[in-house]
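Letter by letter, the chains look like this.
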Amino acid sequence: MVRLPLTPEEIERGRRLGALLRRARGERPMLATALDAGVSPETLRKIESGRVATPAFPTIAAIAAVLGLSLDAVWSEISRPDGEAGRAGGDAGQRLAS
């Protein structure tokens, strides 16, 4: 199976996703976060660095759940127009109600 090259928009979304997850993780150790989400620390590192721009939905859902992020907040942050970069800053880490 041939994988098509990523578009610039997909690459930018991957960078935004990584930045969002790094902010939401804060001081929490990467290892603990990855293990709690059921992913490898290397996978989380690659997502946070933007090296994996299009991770699988279940992977993102698991990491978001561990970090207390709503999937709506994740989507809102990564899909905003380029001109709004950084606007969601603190809002992107909006936590799910328990």
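Preceding this paragraph is the structure being described.
What this report covers is the structure whose coordinates are included nearby. Computed from a prediction, not measured in an experiment: that's the story for all the values here.

Definitions and cut-offs
- Residues numbered from 1 in each chain as written.
- Predicted model: local features only at pLDDT ≥ 70, side-chain atom pairs only at ≥ 80, totals over all residues.
- Heavy atoms only, no water.
- Helix = DSSP H or I, 4+ residues; strand = E, 2+ residues; numbered from the N terminus.
- Buried < 20%, exposed > 50% of the residue type's maximum accessible area, 1.4 Å probe, protein only.
- Contact = heavy atoms within 4.5 Å.
- Areas by Shrake-Rupley, 256 points an atom, 1.4 Å probe, with all protein chains shown as cover.
- Salt bridge = Lys/Arg side-chain N within 4 Å of Asp/Glu carboxyl O.

Helices and strands together make up the secondary structure of the protein, namely 5 helices and 0 strands. Secondary structure of the protein in N-to-C order comes out as α-α-α-α-α. Residue burial in the protein is summarised as follows: out of 98 residues, 36% are buried. Pairs at least 24 apart in sequence give 65% of the contacts found in the protein among residues at least 6 apart. Accessible surface, the protein as shown: approximately 6,100 Å² in total, 57% of it carbon and sulfur.

To continue, consider the pattern of salt bridges. Taken as a whole and assessed by the stated rule, the structure comprises 8 salt bridges. A salt bridge links E12 to R15, with the shortest nitrogen-to-oxygen separation between them at 3.8 Å. One end of the pair is E12 and the other is R15, both in helix α1 (residues 8–25) and 3 residues apart, which spans about a single turn. Residue R16 is joined to E12 by a salt bridge in which the shortest nitrogen-to-oxygen separation is 3.4 Å. Taken together, the residues span about one helical turn, with R16 and E12 both in helix α1 at a distance of 4 residues. Assessed through its relative accessible area of 7%, R16 is described here as buried. Each of E12, R15 and R16 takes part in salt bridges that share partners, so that together they form one network.

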